[in-house]
Amino acid sequence: MKLVAAPESWAGLRDDWAALVRQLDPPAGVFADPDFPAAWAHVFAADEQLEPYAVRDATGTLVGVLPVRFRDGVATFIGDPEICDYMDMVAAPGAGPAVADALLALLDERGCGAAEIRGLAEGSPTLEALPAAARRQEWTVRSAQEAVCPVVTLPARWESYLDGLKGKNRHEVRRKLRHLADGGARVALEAEAAPQGMGDALESLFTMMRDSRRDKAEFLDDRRAAFFRELVRRFGPRGLARLYFLLVDGRRVAAMLTFETPDEVMAYNSGYDPAYRDLAVGLASKVYLIRHSIERGARRFNFLRGNEEYKMQLGGVPSPVTRLHLERGGA
């Protein structure tokens, strides 16, 4: 299959790209959706006028998308691993090898002798297709794990989830939930999914992020906050982004931003009110969100990047995130 990659506008390609993603159920989840790299480009690279490359067959049918950025002779996928947990090319079923060939042809066309491909999720077809294509064309390929995303495979029942935790962790979760409700406190999880309410809800999350941890306050600069707002603006009306709050006696004490599909919940970022630190509301909010995910029928809960201990305590199994370095004629 001979394919041609050519730049197209975000708006012109968006619908076909989204339809292609719906065929795939990619391991990258909503990160493979056109709105994710488009939001990043809009906020962080507006002066570059980045455009994705559409890969089409001889009939003009879209069979792949290459969200590629060229800088200083190196190709990368559009995004930043600090805020784009996964990044990937998109290929129609069975077209992975041909789309990988199209990517390498594009690199040659642009006179680009190296590519740094980051953010590949476990199970991504790119992990097999791109190295195979590169070696056929005498590129050198190096692969390394760059991060982990702890993932929980969710059972059908909440009690089954608790039973599946290691004994010490199960005991600790139950103890902290009891402590949270001591004295008759009313504890609940509140979901904000209505697009008209998500703007104010997101600002509440920002406040909790900045107040709860110094590193999160430093992380959440003006441009990253603008990126979060852009993601919510794009994904909120589509039902793919939600904000959750843990309530204690009606007061919001912890907040979480998620990306969701029918089968999966991805916990993107969170914060809590430090006045309630002694009640471990940060951990409790994740537990309540996992229970909510089980009750709505999700099959996976992805904590996304980071190997923090609490993710493993709550049943997360590390799933590798891989980077590929390609070099033309390298040793």
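A few points on the structure. (Residues numbered from 1 in each chain as written. Predicted model: local features only at pLDDT ≥ 70, side-chain atom pairs only at ≥ 80, totals over all residues. Heavy atoms only, no water.)

**Examining empty space enclosed by the protein**
Empty space among the atoms can be located by rolling a probe the size of a water molecule over them.
(1) Moving on: Enumeration over the complete set of coordinates arrives at two cavities of 30 Å³ or more.
(2) Moving on: Around the largest cavity, the lining residues are Trp17, Phe31, Ala32, Phe36, Pro37, Pro67, Ile78, Cys84, Tyr86, Met87, Asp88 and Val90.
(3) Moving on: For the lining of the largest cavity, the residue count by class is 11 nonpolar, no polar and one charged.
(4) Moving on: If you add up the space inside the second largest cavity, you get close to 30 Å³.
(5) Moving on: Lining the second largest cavity, in full, are Asn169, Glu172, Val173, Lys176, Leu283, Gln313 and Leu314.
(6) Moving on: The element best represented in the lining of the second largest cavity is helix α6 (residues 167–180), accounting for four residues. (1 Å grid on protein atoms, 1.4 Å probe; cavity = no way out; pocket = protein on both sides within 12 Å on 5 of 7 lines; lining within 4 Å. Points joined across faces, edges and corners; volume = space filled by probe spheres on them. Nonpolar A, V, L, I, M, F, W, Y, C, P; charged D, E, K, R; others polar. Helix = DSSP H or I, 4+ residues; strand = E, 2+ residues; numbered from the N terminus.)

**A few points about helix α3 (residues 96–109)**
(1) Moving on: Taking 1.5 Å per residue, 14 residues should reach 20 Å; α3 reaches 20 Å between its end C-alpha atoms and fits that length.
(2) Moving on: Once α3 ends, the next one or two residues include Gly111, with phi positive near 65 degrees. (Expected span 1.5 Å × (residues − 1).)

**Details of the packing of helix α1 (residues 10–24) against helix α2 (residues 35–44)**
(1) Moving on: Contact geometry of α1 with α2 gives a least axis separation of 11 Å together with a crossing angle of 160 degrees. It follows that α1 is roughly antiparallel to α2 by the angle criterion. When the axes of α1 and α2 are compared, the crossing they make is left-handed. Where α1 abuts α2, its residues Trp10, Arg14 and Trp17 lie against Asp35, Pro37, Ala38 and Ala41.
(2) Moving on: Of the residues in the contact of α1 with α2, the class split is five nonpolar, no polar and two charged. (Axes fitted to C-alpha atoms, helices over the stretch in contact; angles between N-to-C directions. Parallel < 35°, antiparallel > 145°, perpendicular 65-115°, else oblique. Left-handed = near helix turned anticlockwise from the far one by under 90°. Contact = heavy atoms within 4.5 Å.)

**A closer look at the environment of Leu162**
(1) Moving on: By the element assignment, Leu162 lies in helix α5 (residues 158–164).
(2) Moving on: With 125 residues separating them along the chain, Leu162 and Val287 place their C-alpha atoms 10.0 Å apart.
(3) Moving on: Leave out the neighbours within four places in its chain, and Leu162 touches Arg170, Val173 and Arg174.

**Digging into the packing of α3 against helix α4 (residues 126–136)**
(1) Moving on: Relative orientation of the contacting elements α3 and α4 amounts to 55 degrees, with a least axis distance of 8 Å. For the element pair α3 / α4, the angle class is oblique. Of the two possible hands of crossing, α3 and α4 adopt the one that is right-handed. Facing Gly96, Pro97, Ala100, Asp101, Leu103 and Leu104 of α3, the residues of α4 in contact are Ala129, Leu130, Ala133, Ala134 and Arg136.
(2) Moving on: Split into classes, the residues belonging to the contact of α3 with α4 amount to eight nonpolar, one polar and two charged.

**Things to note about the environment of Leu205**
(1) Moving on: Tracing the backbone shows Leu205 in helix α7 (residues 195–212).
(2) Moving on: When the C-alpha positions of Leu205 and Arg186 are compared, they lie 21 Å apart, and in sequence the two are 19 residues distant.

**Here's the deal with α7**
(1) Moving on: An ideal rise of 1.5 Å per residue puts 26 Å on 18 residues; α7 measures up with 26 Å between its terminal C-alpha atoms.
(2) Moving on: Along α7, the positions that sit buried rather than exposed are Gly197, Met198, Ala201, Leu202, Leu205, Phe206, Met208, Met209 and Ser212. (Buried < 20%, exposed > 50% of the residue type's maximum accessible area, 1.4 Å probe, protein only.)

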